[in-house]
Amino acid sequence: MMRITFVAAFAILTTSASAKGLEQLSTQNPETKAESGEESSSGGSDNSSSSESSGDKKAANKNFLGKAIDEDLGKVIDKNLFFGTSYGWVIAKKSGADISGGGMTDFTIGYKVAMLNKQMTAYATYRYAPVAVSGEIETRSYRGIWETHFVGTRVSYEISQSLNALGTAEVGPAIVHMNATDGLPDDPDHETSGFQLALGGGANWDMDKRGGFTLGPRLSAAFGSFTTIQIGGGFGFLF
């Protein structure tokens, strides 16, 4: 009886060991490894393809968005925005002072806000207008700058394809900077700031037949805390 039991146990152990050995051999089989590698490689390829597709979509979306922004910005600027500057001589006056002016250069930026009719266009404008002055204030010798930050409007009237007449109306704060040149301390009462109202006009000749570069005469008179009359010429760029 004991002999039969021992033989049966030995047979069970031998069968289990053989099964484990076959299983290990099966996993080490080159063909099995090759199949497993193909499946892994196939899965990696799918992931790589998916990543590339996602990257292409993102790039396409970015290019589309960038193009749309550029087109919208182009529409906003095209024939709407202009920069200009002018140079001229200034007659300067102030109550209670004997002041004289000299050369003056200003800077203007404007944006088209309305077509009043087929020939008239209105622009909203900002103009920085500093004026160098010198003279006497209450028997004191001074030299300084009157600078005004004008906001207003410019109306352009088309006379011909190459000529436009201009009219401007502006208002803004005037800031006075004066330094005594007689060696005595500056008097703060001689640096009183205020506001200016300016009216002007002129013309623009189209120099490149596309409206991009213009030249023309300018006349501007400002009143308020002091008086300035500017006569000169200006040029501008329309984008």
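Residues numbered from 1 in each chain as written. Predicted model: local features only at pLDDT ≥ 70, side-chain atom pairs only at ≥ 80, totals over all residues. Heavy atoms only, no water.

Asks: Would you mind going over the side chain of Q196 with me for this structure?
Replies: Inspection of the secondary structure puts Q196 in strand β7 (residues 194–206). Here the side chain of Q196 touches G224 through a polar contact of 3.4 Å, landing on its backbone nitrogen. A polar atom in the side chain of Q196 sits 2.9 Å from the backbone oxygen of F226. Not counting chain neighbours up to four residues away, the residues in contact with Q196 comprise T148, F150, E170, V171, G172, A174, A222, F223, G224, S225 and F226. (Helix = DSSP H or I, 4+ residues; strand = E, 2+ residues; numbered from the N terminus. Polar contact = N/O pair within 3.5 Å; in protein donor to acceptor, adjacent residues only side chain to side chain. Contact = heavy atoms within 4.5 Å.)

Asks: Looking at this structure, how should I read the pattern of salt bridges?
Replies: With the rule as written, the count across this model stands at three salt bridges. D106 serves as the salt-bridge partner of R127, at 2.9 Å between the closest nitrogen and oxygen. Here R127 is found in strand β4 (residues 120–137), whereas its partner D106 is found in strand β3 (residues 103–115), with 21 residues between them in sequence. The same class applies to R127 as to D106, namely buried. For R140, the salt bridge goes to D182, with nearest N and O atoms at 2.6 Å. Of this pair, R140 sits in strand β5 (residues 140–160) while D182 sits in the loop between β6 (163–180) and β7, and the two are 42 residues apart along the sequence. What makes R140 buried here is its relative accessible area of 15%. By relative accessible area, D182 is classed as partly exposed at 31%. Three or more residues are tied together by salt bridges with common partners; here these are D106, R127 and E170. (Salt bridge = Lys/Arg side-chain N within 4 Å of Asp/Glu carboxyl O. Buried < 20%, exposed > 50% of the residue type's maximum accessible area, 1.4 Å probe, protein only.)

Shape descriptors only; they carry no functional weight alone.
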